[in-house]
Amino acid sequence: MEALLIAVAKVVVIFAGMVTIAGLMSLAERKVSAWMQYRHGPNRVGPFGILQPLADGLKFIFKEELVPEGANRLMFRLAPALAAMPAMLTMAVIPVGGTVVIAGREIPLSMTDIDIGVLFLLSMSGLSVYGVILGGWASNSKYSLLGGLRASAQMISYELTLILTILAVVLLSGSLDLRAIVAAQQHVGQWNIWYQPLAFVLFTITMFAETNRHPFDFAECEPELVGGFHTEYSSMRFALYFLGEYCAMTVLSCLAATLFLGGPSVPFWPAAPWYVGVLSLLAKAGFFLYLFLWVRWTLPRLRFDQLMRLGWKVFLPLALLNLLATGAVVAFTHGAQ
Amino acid sequence: MGIVQRKDLSLAERLYLPEVVRGLSITFRKMFEKPMTRQYPEEPLPKTEVTRGQPRLVVKDDGNVACVSCGMCEAACPAYAITIDGGETERPIEREPVRFEIDMLRCILCGFCEEACPKDAIFMSDELELADSSRGALVYDLEMLKRPKAALQKRIDYVYRLNQRWRKSSSTS
């Protein structure tokens, strides 16, 4: 009973946190873009526009929902949920902190204790393609279909690089358990970013392609495809796609922080209390989240053939070479054991 | 005919990443610059005597409008925004407007009425805001157009100064 209560509490906290971060990201996106263009951004709803996501959410709920003629209704309704769900599920395996002792019970600060966290995470990120391509196909619109196809082609090709870079980290720490990966980099000197700089750069860039963000946002390439796979969506289902996108960004940012920057470990303060650890993870993930926005308002969009060339001819070989080199080093240094 | 010389990219430029970082540094610096946006209702527009806002009727210091309802502004108005009905009065000028309406939705703020007026009775004020919930409410009548002379004094002085040069040039010819 007690274990169930703890699990429910964790689910509620993580879910609420994810939705809050996604909402704040939608505000941050508009604020950051405004600042970079000498504007103010939304500042009318609440102090500094902090309640803008709430107002947006309310508006989305009250809007009429349109289903295009000839659309596959079941798939059309299911797809946004399929897009948002995997991103949120992934958060379950990310260790938010160490363990807390509340009322005499030791509670690990991650939703699940599975020791193949990395594997779970990768399979979930593979699932997120379905939401995109089903949404594009079920809409019965050429723009949606093209957007969905592009998005899925892109996500599948970049997933290879993503997995290979993660594998290099897994090789170094010798475990598929994210908590073990965190435990292996408690000090700043042990952070994987120093041992895997190439993997870090590749992971960061691939992150953008994986979440369909600028400069790789071919799924919603406005000049060519109107709105991409979500062209025909309206109301809360449209918002659900964006919730999914922001959640995926949050998860990948947390993952980047976990894999390369030591997750919830605090630099130069090994005995930090647990809440500082959580804040530390949030700060690290926050940097990556900011990077998403920063890059979006800096770089122009690539061409689709450039994207594919970059993915298959540059990133994949580099990631393979990196994995090979890492494997060789690990084999020669730890092989004797 | 210009010939576009293709620039040979250096290795760093072809690697793309250094250039990306350069671009990022630019946008980061721009983030902290002062926004150009004017927060309009809180920060009103700058107004000078040159500002050509909505036309208003001058009320002289004795409390009467300067207008004698001659109809010059009505004739000059290119948008047919002005409607005047004249009437008699006991004052020495004998005529005054009974009805004086400007349809603010028609008015194009050109200032021709101000130029046409022989009695210095109509001037362009610095009032620019125009909003209401019906079209009828935006047809301003005599009472809504009246402004004390002091409120328009800066504009009046400006128009006099502007007209001064015509007086000079006409005297020489």
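Scroll up to find the structure this text is about.
Residues numbered from 1 in each chain as written. Chains lettered and ligands numbered in written order. Predicted model: local features only at pLDDT ≥ 70, side-chain atom pairs only at ≥ 80, totals over all residues. Heavy atoms only, no water.

Draft legend 1. Main features of the overall build of chain B. Summing up its helical and strand segments, chain B has six helices and six strands in all. Going from the N terminus to the C terminus, chain B shows its helices and strands as α-α-β-α-β-β-α-β-β-α-β-α. Rg of the C-alpha trace for chain B: 27 Å, well past the compact-globule value of 16 Å for 173 residues, more than 25% over. Among the 173 residues that make up chain B, the fraction classed as buried is 31%. (Helix = DSSP H or I, 4+ residues; strand = E, 2+ residues; numbered from the N terminus. Rg over C-alpha atoms; globule rule 2.2 N^0.38 Å. Buried < 20%, exposed > 50% of the residue type's maximum accessible area, 1.4 Å probe, protein only.)

Draft legend 2. Representation of a nonpolar patch on the surface. There is a patch of nonpolar side chains on the surface, built from Met-1, Leu-4, Leu-5, Val-8 and Val-12 of chain A and spanning about 550 Å² of accessible area. Along the polypeptide, Leu-5 of chain A turns up in helix α1 (residues 2-36). (Patch = residues over 30% accessible without salt bridge, like charges linked within 9 Å, V, L, I, M, F, W, Y side chains within 5 Å. Areas by Shrake-Rupley, 256 points an atom, 1.4 Å probe, with all protein chains shown as cover. Salt bridge = Lys/Arg side-chain N within 4 Å of Asp/Glu carboxyl O.)

Draft legend 3. Here's a closer look at the interface of chain B and chain A. Each side of the interface is counted separately: chain B has 15 residues, and chain A has 16 residues. Both faces combined, the contact of chain B with chain A buries some 1,500 Å², and carbon together with sulfur accounts for 65% of it. On the surface where chain B and chain A come into contact, there are one salt bridge. Arg-44 of chain A serves as the salt-bridge partner of Glu-42 of chain B, at 3.1 Å between the closest nitrogen and oxygen. (Contact = heavy atoms within 4.5 Å. Buried area = accessible area lost by both parts, 1.4 Å probe.)

Draft legend 4. Here's a closer look at the sheet that holds strand β3 (residues 95-103) of chain B. All names here are of chain B. Judged by pairing direction, the sheet is antiparallel, and its three strands sit side by side in the order β2-β3-β5 without closing on themselves. Both edges of this open sheet fall to β2 (82-88) and β5 (139-140), since each of them pairs with a single strand only. As judged from the two bridges shared by β3 and β5, these two strands associate in the antiparallel manner. Residue pairing in the sheet places Ile-102 in a bridge with Tyr-140 of β5. (Pairing = 2+ DSSP bridges.)

Draft legend 5. The arrangement of the packing of aromatic side chains in detail. For the structure on display, the rule yields 16 aromatic pairs over all chains. Ring geometry for Tyr-233 of chain A versus Tyr-241 of chain A: centroids 5.0 Å apart, planes at 80°, classification edge-to-face. An identical accessibility class is assigned to Tyr-233 of chain A and Tyr-241 of chain A; each is buried. Considering the side-chain rings of Trp-294 of chain A and Phe-28 of chain B, the 5.3 Å spacing of their centres and the 45° angle between planes classify their relative orientation as tilted. (Phe/Tyr/Trp six-rings, centres within 6.5 Å; stacked < 30°, edge-to-face > 60°.)

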